[in-house]
Amino acid sequence: MPTANSSARVGRPRSITPTDGRFITLTSGMNQRYQAAPEVVYLPESSEQVRVAVGESATAGNRISVHSGGHCFEDFVFNPEVEAVVDLSAMNGVYFDSDHQAFAVEAGARLLDVYERLYLGWGVTLPGGLCYSVGAGGHVAGGGYGLLSRQHGLTVDHLYGVEVVVVDAEGRARLVTATREHTDPNRDLWWGHTGGGGGNFGIVTRYLFRSPGAVGEPPELLPQPPDEVLLNAVSLPWEELNREALTTLLGNFTGWYSEHSEPRTREAALSGMLMLNHSSNGHIGMLTQVDAGVTGAEDLLREHLERVLAGTGVTPRPMNAPVGEFAPMPELADTRRLSWLRAVRMIGTNTPYLTDPTLRGEHKSAYGRNRVPDSRASVLYDHLTAPSPNNPNSMLVVMSYGGAINTVGTSQTASAQRDSHYKLLYQAFWQHEEEDAENIAWVRSLYERTYADSGGVPVPDEFSDGCYVNYPDVDLGDERHNRSGKAWHDLYYKDNYPRLQQVKARWDPGDVFRHSQSVRLPGGTDDEHCE
């Protein structure tokens with residue numbers, strides 16, 4: 001495996017302009033609602049080339065955005081105001097950096113490539129997301145989590161350092177390395193990238209990973225995944241579901257994770273997702289993974305499934321039709337024991353709604369605590385059975401959380417939500433622009449009615465704890481949709497926002513890196529950026 005950066009090229013990066021046939025491909029991401037028409041797209045192959053691209057753009061006064069994997073749910077990367085896109089897809093190295101005694105992951109690396117290279121090279125991994133094509137650049141900056149997070153925490157809980165191109169007060173582009181070492185004068189820049197979100201302070205070129213307190217040879221510096229996992233995927237037919245059954249199912253699922261959120265327990269070895277699809281889909285899906293190496297793993301999985309289905313009267317079926325976020329997986333209806341990497345590959349490439357680049361989408365998020373109240377489940381039932389828009393690709397996805405994630409203090413990283421038990425993702429996907437209005441309205445209605453008692457958004461309380469910055473939602477900044485009196489940044493960052501503003505003031509004083517929900521400079525407003 002490589003031990004040094006194999007793409008440390010100098011000079012100008014490739015520049016793609018509108019006359020080049022590749023330009024169309026490079027000016028939109030996964031969500032086809034958002035397009036850009038920049039003057040140039042840079043395709044750098046090294047950190048130095050990123051610095052050159054940023055320097056040229058800053059000198060020209062061009063609005064800059066950065067693209068790694070393209071999965072941003074909003075228009076932060078691709079919008080009409082962008083004049084220069086820095087596309088990091090050619091910077092995809094994963095290697096051991098002996099100078100920092102840490103694993104380097106370039107910002108353009110996609111998650112499945114990261115997992116494969118770390119595991120096959122050194123037997124280690126990072127607790128990151130499921131979808132194979134998500135880019136490290138944005139995923140890590142927003143916190144990052146996945147099916148191993150209940151055992152090993154967030155991705156950023158293992159972040160040792162960042163290499164970032166920033167622009168100083170004189171407009172000069174510089175390459176800066178910042179680490180978590182308390183003696184590092186740049187430590188605040190590292191902290192800003194532990195959940196502060198992408199596109200705020202500069203352009204990350206490399207992440208450096210080493211678990212806190214880890215010493216020794218490379219295989220001892222990051223978590224080792226299970227040798228094998230137990231994997232189960234079933235669907236629950238809508239024909240057997242009524243309001244009471246759905247309420248019980250959702251309550252059981254969220255209740256199990258709220259009751260088993262302690263770290264370093266047998267139960268923390270189990271993670272999963274519940275895909276509550278619109279009734280026109282025909283089915284609801286449930287995916288569960290257990291570390292096969294824990295004592296009584298088979299019993300743990302069986303007990304969990306029995307608990308979730310108890311009182312619903314629903315008979316689970318093989319997942320033999322597209323369900324929620326996953327393509328058919330009938331082979332997992334009966335629990336299978338798979339090598340960890342084989343399971344990662346299987347799950348990561350069976351997420352059609354997160355990998356199809358022809359779709360349009362709308363997304364909203366919430367952190368959840370305790371069992372979902374029956375009143376909220378009833379709102380969900382009304383929307384999932386509504387005759388319009390009758391979209392089988394509209395859903396609520398409930399994802400496991402807690403465990404090791406909650407062992408970190410709320411201010412130790414910028415990721416402030418450290419006592420939640422699960423996450424909720426409200427979303428819909430569709431193909432055509434003329435379908436925008438009804439699908440967006442459906443997601444908005446479901447979300448705002450679910451949280452009607454707190455102004456239409458998940459204000460922190462007994463059951464909620466704000467929103468996930470990696471599932472961004474510009475409606476949080478719109479008083480027509482957020483009537484809570486809580487600013488969008490308080491829902492993402494809670495009490496950490498003022499500190500993020502100080503990072504912004506030091507490292508991006510000219511507000512060069514900005515989008516519709518980027519961190520504002522101190523003294524600015526929530527609605528305007530410095531120009």
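All residue numbers refer to position in the chain's written sequence, counted from 1. In keeping with the model being predicted, local features are shown solely for residues with a pLDDT of at least 70 and side-chain atom pairs are shown and tallied solely at 80 or more, while totals for entire chains, interfaces and linings include all residues. In computing side-chain properties, one takes all heavy atoms of the structure into account and sets aside hydrogens as well as water.

J.: Kindly report on the sheet that holds strand S9 (residues 203-209), identifying the contributing residues and their values.
T.: What makes two strands pair is DSSP finding at least two bridges between them. For helices the rule is a DSSP run of H or I covering at least 4 residues; for strands it is a run of E covering at least 2, with both sets numbered from the N terminus onward. Ordered by their spatial adjacency, five strands build an open sheet running S5-S6-S9-S7-S8, and the pairing between neighbours is antiparallel. Edge strands, defined here as strands with exactly one partner in the open sheet, are strand S5 (94-97) and strand S8 (173-179). Ignoring strand direction, the axes of neighbouring strands in this sheet form an average angle of 25°. As defined by bridge partners, S5 adjoins strand S6 (residues 102-106) across four bridges and the pair is classed as antiparallel. Bridged to Phe96 within S6 is Phe103. In this description, a line fitted to the C-alpha atoms serves as the axis of each element, helices being fitted only across the stretch in contact, and the angle between N-to-C directions of two axes falls anywhere from 0 to 180 degrees.

J.: Residue-level account of the environment of Thr17, with values.
T.: You can see Thr17 is positioned in the loop between strand S1 (14-16) and strand S2 (40-43). The buried label applies to any residue whose accessible area, calculated with a 1.4 Å probe on protein chains only, is under 20% of its type's maximum; exposed applies above 50%, and partly exposed to all values in between. Look at Thr17 and you get partly exposed, because its relative accessible area is 31%. A C-alpha to C-alpha distance of 8.9 Å links Thr17 and Tyr42, two positions 25 residues apart in sequence. Discounting residues that sit within four places of it in the chain, Thr17 has contacts with Phe23 and Glu39. Here, two residues are considered to be in contact whenever any of their heavy atoms come within 4.5 Å of each other.

J.: Lay out the packing of helix H6 (residues 243-259) against helix H7 (residues 297-309) in plain terms, naming residues and giving numbers.
T.: The axes of two packed helices give the description: the angle between them and the distance between them. Two numbers describe how H6 lies on H7: the axes approach to 7 Å, and their chain directions differ by 135°. By the angle class used here, H6 and H7 are oblique. Across the interface between the two elements, Leu249, Asn252, Phe253, Gly255, Trp256, Tyr257 and Glu259 of H6 pack against Leu300, His304, Arg307, Val308 and Leu309 of H7. When residues are grouped by polarity, Ala, Val, Leu, Ile, Met, Phe, Trp, Tyr, Cys and Pro land in nonpolar, Asp, Glu, Lys and Arg in charged, and all others, Gly among them, in polar. Partitioning the contact of H6 with H7 into residue classes produces seven nonpolar, three polar and two charged. The labels follow the angle: roughly parallel below 35 degrees, roughly antiparallel above 145, roughly perpendicular from 65 to 115, and oblique for the rest.

J.: Would you mind going over the nonpolar core in detail, with residue names and values included?
T.: In this text, buried Ala, Val, Leu, Ile, Met, Phe, Trp, Tyr and Cys residues form a nonpolar core when linked through side-chain atoms within 4.5 Å. Among the nonpolar cores identified, the biggest contains 109 residues, and Leu118, Leu189, Leu274, Leu276, Ile284, Val398 and Tyr426 are the most heavily contacted of them. What Leu118 contacts, discounting residues up to four positions off in sequence, is Val94, Phe103, Gly123, Val124, Thr125, Leu126 and Leu222. Of all hydrophobic cores here, the second largest spans 18 residues; its members include Val134, Leu341, Ala343 and Val344.

J.: Tell me about the sheet that holds S1, and please be specific about residues and values.
T.: Pairing is mixed in the open sheet, where four strands are placed in the order S1-S2-S4-S3. Only two strands of the sheet have a single neighbouring strand rather than two, namely S1 and strand S3 (64-67). Ignoring which end each strand starts from, the neighbouring axes of this sheet average 25° apart. Pairing of S3 with strand S4 (residues 84-87) involves four bridges; the strand directions are parallel. Within the sheet, the bridge partner assigned to Val66 lies in S4 and is Val86.

J.: Explain the domain arrangement of the protein chain residue by residue, including any values.
T.: Assigned domains of the protein chain: these are domain 1 (11-225) and domain 2 (228-492). Of the residues lining the interface, 42 residues belong to domain 1; the matching set on domain 2 comes to 58 residues. Across the domain 1/domain 2 interface, buried area totals approximately 4000 Å², and carbon plus sulfur atoms make up 61% of it. Considering only the side of domain 1, the residues that lose the most area to domain 2 are Phe73, Tyr145 and Arg150, jointly responsible for 25% of the buried surface there. What makes a salt bridge here is a side-chain nitrogen of Lys or Arg within 4 Å of a carboxyl oxygen of Asp or Glu, nothing more. Taken together, domain 1 and domain 2 are joined by three salt bridges. Across the pair Arg33 and Glu362 runs a salt bridge whose closest N-O atoms are separated by 2.7 Å. Polar contacts, as used here, are pairs of N or O atoms within 3.5 Å; protein pairs need one atom able to donate a hydrogen and one able to accept it. Residues neighboring in sequence count only if both atoms are side-chain atoms. Put simply, domain 1 and domain 2 have 24 residue pairs in polar contact (both at pLDDT 80 or more) between them. When contributions to the side of domain 1 that touches domain 2 are tallied by element, the ones reaching two or more residues are helix H2 (111-122), helix H3 (136-141), helix H4 (149-152) and helix H5 (187-192). Looking at the side of domain 1 that touches domain 2 element by element, the count peaks at five residues for H2. Boundaries of every domain are those given by an automatic assignment or by a domain database. Throughout, buried area stands for the accessible area (probe radius 1.4 Å) lost by two parts on being put together, summed over both.

J.: Describe the packing of aromatic side chains, and please don't skip the residues or the numbers.
T.: To pair, rings of Phe, Tyr and Trp, with the six-membered ring standing in for Trp, must have centres within 6.5 Å; the planes then decide the type, stacked if under 30 degrees apart, edge-to-face if over 60, and tilted in the middle. Applying the stated criterion to the full structure yields 21 aromatic pairs. Ring geometry for Trp488 versus Tyr492: centroids 6.1 Å apart, planes at 65°, classification edge-to-face. One end of the pair, Trp488, and the other, Tyr492, are both in helix H11 (residues 488-493), four residues apart, so they sit about a helical turn from each other. Among the aromatic residues, those joined into a cluster by ring pairs are Phe73, Tyr145, Tyr367, Tyr401, Tyr468 and Tyr471. Counting as a charge over the ring demands two things of the Lys NZ or Arg CZ atom: a distance within 6 Å of the ring centre and an angle within 35 degrees of the ring normal. The side chain of Arg210 reaches across the aromatic face of Tyr160, ending 4.1 Å from its centre. Across the ring face of Trp191, the terminal group of Arg499 is positioned such that the distance to the ring centre comes to 3.8 Å.

J.: Could you give me a rundown of unusual backbone geometry, with the residues and numbers involved?
T.: With an omega of 10°, the peptide bond between Ser388 and Pro389 qualifies as cis. Mapped onto the fold, Pro389 is located in the loop between helix H9 (374-384) and strand S16 (394-400). For Lys494, which is not glycine, the phi dihedral falls at a positive 55°. With respect to the helices and strands, Lys494 occurs in the loop between H11 and helix H12 (497-507). In this model, Asp511 sits at a positive phi of 55°, which is unusual for a non-glycine residue. Counting through the fold element by element, Asp511 comes out in the segment after H12.

J.: Talk me through the state of the cysteines; I want residue IDs and the actual numbers.
T.: The term disulfide is used for any two cysteine sulfur atoms that are within 2.5 Å. This structure, assessed with the given rule, holds zero disulfides. Between Cys72, a free cysteine, and Cys131, which holds the nearest cysteine sulfur, the sulfur-to-sulfur gap is 14 Å. Of all cysteine sulfurs, the one in Cys72 lies closest to Cys467, which takes part in no disulfide; the gap is 15 Å.

J.: Describe in detail the pattern of salt bridges, supporting the description with residues and values.
T.: When the charged atoms of two side chains lie near each other, side chains of opposite charge can form a pair. All told, the structure shown has 36 salt bridges when counted by the stated rule. Close ionic contact of Arg418 with Asp157 constitutes a salt bridge, the shortest N to O distance being 2.8 Å. Of this pair, Arg418 sits in the loop between S16 and strand S17 (422-430) while Asp157 is found in the loop between H4 and strand S7 (159-167), placing the two residues 261 residues apart along the sequence. Arg418 gets classed as buried once you look at its relative accessible area, which sits at 4%. Assessed through its relative accessible area of 12%, Asp157 is described here as buried. Across the pair Arg266 and Glu267 runs a salt bridge whose closest N-O atoms are separated by 3.8 Å. Residues joined by salt bridges that share partners form a network here, namely Arg33, Glu362, Lys364, Arg444, Asp473 and Asp475.

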